[in-house]
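# Observations on chain architecture
Each chain, written out:
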Amino acid sequence: MDLVMQQIWPEHASLDDQQLERLYTYPEGRRWLAVNYVSSADGAVEVGGRARRLSSPADQKVLKLGSDLADVLLVGATTAMVEEFRGVHPDESTLELRRRHGLRDVPPTAVVTTGRSLPADAPVIVEAAAPTLVITCAAAPVKKQKAWEAAGAELLIAGEDTVDLAAATEALAERGLNRIDCEGGPHLFGGLLTAGVVDELRLTISPLLVSGTHERIATGLPLDPIDLELASVLTEDGAMLVRYLVRNRPAKP
């Protein structure tokens with residue numbers, strides 16, 4: 001049975017799969033970077049080191065839809081390792097959806113790393129269904145760069161001593177990868193905000209309280225507050241699924 005979610009803003013409606021697909025489709029004709037997160041009601045982004053314990057069938061549905069409709073998945077190396085990320089392995093329904101939208105069958109995964117936290121035998125590299133893009137900086141050890149390539153990854157150098165995320169997203173767009181689905185983690189999200197390249201936040205608020213000293217969804221340099229425009233609110237089994245559009249971007253350094 002299909003999971004039917006209730007939209008409570010901007011209007012009340014029950015959304016079937018086709019309506020949900022339209023809601024989460026990326027804009028045409030420009031680069032668009034959407035960041036996906038799930039957090040507890042008190043702001044925790046993980047329980048026992050994993051985000052999955054905060055998730056729900058509704059959250060998994062929109063998370064999958066975000067990647068199914070994307071040109072590329074963007075993830076930080078630590079998150080890729082902790083969550084044992086393997087990239088997209090499409091089922092028949094995903095293939096049908098992607099072909100209907102004119103997308104390649106398998107979107108590649110782009111992993112951001114300075115070289116310290118991504119081994120060459122990481123599942124996101126060796127178990128991916130499409131060659132993984134490793135986004136790194138020129139200062140990353142040459143031995144590590146060669147090991148990633150030998151394992152089947154493609155290198156994208158952006159920045160000298162640190163990864164230049166603005167340059168990285170521009171490089172993805174130059175490859176025709178305009179619909180960018182970011183799946184964490186907090187340091188990558190914070191860096192993307194600082195770089196001024198985030199267009200949309202897709203946040204699921206799980207009906208759980210966990211307390212503790214967990215990370216926030218974005219971690220990094222302080223920013224002047226960034227205004228968000230509420231785009232939609234859905235609810236299912238106590239969870240709220242919220243879409244925000246970024247209205248003002250921080251000034252580039």
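Residues numbered from 1 in each chain as written. Predicted model: local features only at pLDDT ≥ 70, side-chain atom pairs only at ≥ 80, totals over all residues. Heavy atoms only, no water.

Our working definition: UniProt positions are given in the numbering used here, feature names are shortened, and annotations may be inferred rather than shown by experiment.
Under an unreviewed UniProt entry, the chain has the name Pyrimidine reductase, riboflavin biosynthesis and belongs to Saccharopolyspora shandongensis. As recorded by UniProt, the Pathway (unreviewed entry) comment attached to the chain reads in full: "Cofactor biosynthesis; riboflavin biosynthesis."

## Here's the deal with the environment of S232
Note the threshold: Strands here mean DSSP runs of E at least two residues long; helices mean DSSP runs of H or I at least four residues long; both are numbered from the N terminus. We call two residues contacting when some pair of their heavy atoms lies within 4.5 Å.
Checked against the element boundaries, S232 lands in strand β10 (residues 228-236). Every residue in contact with S232, bar those within four places of it in the chain, is listed here: Q7, W9, P10, L23, L241, V242 and R243.

## Points about the packing of helix α7 (residues 165-174) against helix α8 (residues 186-195)
To keep it simple, the criterion reads: Fitting a line to C-alpha atoms yields each axis, with helices limited to the stretch in contact; the angle taken between N-to-C directions then spans 0 to 180 degrees. Angles are sorted into four bins: roughly parallel if under 35 degrees, roughly antiparallel if over 145, roughly perpendicular if 65 to 115, and oblique for all others. Nonpolar residues are Ala, Val, Leu, Ile, Met, Phe, Trp, Tyr, Cys and Pro. Charged residues are Asp, Glu, Lys and Arg, and all others, Gly as well, are polar.
Their axes nearest at 8 Å, the elements α7 and α8 cross at an angle of 90°. Taken together, the axes of α7 and α8 lie roughly perpendicular to each other. Of the residues in α8, those in contact with L165, A166 and T169 of α7 are L188, G191, L192 and A195. Residue composition of the contact of α7 with α8, grouped by class: 5 nonpolar, 2 polar and no charged.

## Section: the sheet that holds strand β1 (residues 5-9)
Our working definition: DSSP-based pairing: two strands are paired if at least 2 bridges between them are found.
Here we have 11 strands laid out as an open sheet, ordered β2-β1-β10-β11-β9-β3-β8-β4-β5-β6-β7, and mixed in their pairing. The sheet terminates laterally at β2 (13-15) and β7 (154-157), the two strands that pair on one side only. Put simply, the sheet's adjacent strands are angled 25° from each other on average, direction ignored. Alignment of β1 against β10, held across 3 bridges, turns out to be antiparallel. Paired with Q6 across the strands is T235, a residue of β10. Relative to the sheet, helix α6 (residues 142-150) contacts β6 (133-136) and β7, its axis offset from that of β7 by approximately 140°. Against the sheet, α7 makes contact with β3 (32-40), β4 (72-76), β5 (109-112), β6, β7 and β8 (179-182), and its axis sits at roughly 150° relative to β6, the strand it touches most.

## Some details on the pairing of β6
For clarity, the cut-off: Under the scheme applied here, a residue whose accessible area is under 20% of the maximum for its type counts as buried, over 50% as exposed, and between as partly exposed, the area being computed with a 1.4 Å probe on protein chains only. Crossover handedness is defined here as right-handed if the route from the first strand over the helix to the second strand goes clockwise, with the strands pointing away from the viewer.
Burial along β6 is two-sided: L133 and I135 and V134 and T136, pointing in opposite directions, are all buried. Direction of pairing for β5 relative to β6: parallel, over a ladder of 3 bridges. Counterpart to V111 in the pairing with β6 is V134. Between the parallel pair β6 and β7, the chain is carried across by α6, and the sense of this crossover is right-handed.

## Considerations on the packing of aromatic side chains
Condition: Two rings belonging to Phe, Tyr or Trp (six-membered ring only in the last case) form a pair when the distance between their centres is within 6.5 Å. Interplanar angles under 30 degrees mark stacking, angles over 60 mark edge-to-face geometry, and anything in between is tilted. For a Lys NZ or an Arg CZ to count as sitting over a ring, it must be within 6 Å of the ring centre and within 35 degrees of the ring normal.
Within the structure shown, the criterion is met by 1 aromatic pair. The side chain of R202 reaches across the aromatic face of Y26, ending 4.8 Å from its centre.

## A few points about the nonpolar core
What tends to happen in soluble globular proteins is that the nonpolar side chains get buried as a cluster. Inclusion rule: By nonpolar core we mean a set of buried residues, namely Ala, Val, Leu, Ile, Met, Phe, Trp, Tyr and Cys, connected to one another through side-chain atoms within 4.5 Å.
Formed by 33 residues in total, the largest nonpolar core has its most connected members in L33, L74, I135, L172 and L192. Of all the secondary-structure elements, those providing two or more residues to this core are β3, β4, β5, β6, α7, β8, α8 and β9 (200-206). Discounting residues that sit within four places of it in the chain, L172 has contacts with V72, A110, L133, I135, L156, L177 and I180. Membership of the second largest hydrophobic core comes to 16 residues, among which are L23, A58, L65 and A70.

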